Amino acid sequence: MSNQALRHKVKHLYKTLLHLGKDYPKGRDYFRQKLHAVFIKNKGVKDPEEIEMLIAKGEYIVKELESLYMLRKYRTLKKRYYEYDS
């Protein structure tokens, strides 16, 4: 894959994660700082295969964050509409 294509994928991943960080429990700024630190740490990676591996890992994290947010929404709706007797 060409460098431009990999660069585009990395930028898209960063923007996606940054967007998902809006709902992060510890706050948007905390998430952005951690995200930026991780991307800066891997800034020097030049091997296309390793970059693909890191992109795949990032996409996995995106899926995990989305599933956690959906679980939080589900729990909120469940609490709102179903009352349990203790």
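Rules used throughout
Residues numbered from 1 in each chain as written. Predicted model: local features only at pLDDT ≥ 70, side-chain atom pairs only at ≥ 80, totals over all residues. Heavy atoms only, no water. UniProt positions renumbered as here; feature names shortened; annotations may be inferred. Helix = DSSP H or I, 4+ residues; strand = E, 2+ residues; numbered from the N terminus. Expected span 1.5 Å × (residues − 1). Buried < 20%, exposed > 50% of the residue type's maximum accessible area, 1.4 Å probe, protein only. Arc of directions from axis to C-beta. Contact = heavy atoms within 4.5 Å. Axes fitted to C-alpha atoms, helices over the stretch in contact; angles between N-to-C directions. Parallel < 35°, antiparallel > 145°, perpendicular 65-115°, else oblique. Left-handed = near helix turned anticlockwise from the far one by under 90°. Nonpolar A, V, L, I, M, F, W, Y, C, P; charged D, E, K, R; others polar.

The name recorded for the protein in an unreviewed UniProt entry is Electron transfer flavoprotein regulatory factor 1, from Biomphalaria pfeifferi. What the UniProt record of the protein gives under Sequence similarities (unreviewed entry) is the line "Belongs to the complex I LYR family."

## As for the UniProt feature "domain: Complex 1 LYR protein" (unreviewed entry) in the protein
The UniProt record marks residues 9–59 with the feature "domain: Complex 1 LYR protein" (unreviewed entry), using the residue numbering of this structure. End C-alpha atoms of residues 9–59 are separated by 10 Å, and the span's content is 75% helix alongside 0% strand.

## Things to note about helix α1 (residues 3–20)
For an α-helix, the turn length of 3.6 residues means that residues three or four places apart are oriented alike. Across its 18 residues, α1 extends 26 Å between first and last C-alpha, which sits within 8% of the 26 Å expected from 1.5 Å per residue. Looking at α1, one finds that the buried residues are L6, L13, Y14, L17 and L20. The buried residues of α1 occupy one face: seen down the axis, they fall within an arc of 130 degrees. Facing away from the buried side of α1 by more than 90 degrees, the exposed set consists of Q4, R7, H8, H12 and K15. The inward-facing, buried residues of α1 abut α2 (28–41) and α3 (48–81).

## Quick word on the packing of α1 against α3
The contact between α1 and α3 brings their axes to 10 Å, and the two run at 20 degrees. One way to sum up the angle between α1 and α3 is to call them roughly parallel. You can see that α1 and α3 cross each other, and the crossing is left-handed. Judged by residue contacts, L6, K9, V10, L13, T16, L17 and L20 of α1 engage P48, I51, E52, I55, G58, E59, I61, V62, L65, E66 and Y69 from α3. Across the contact of α1 with α3, the residue classes tally to 12 nonpolar, 2 polar and 4 charged.

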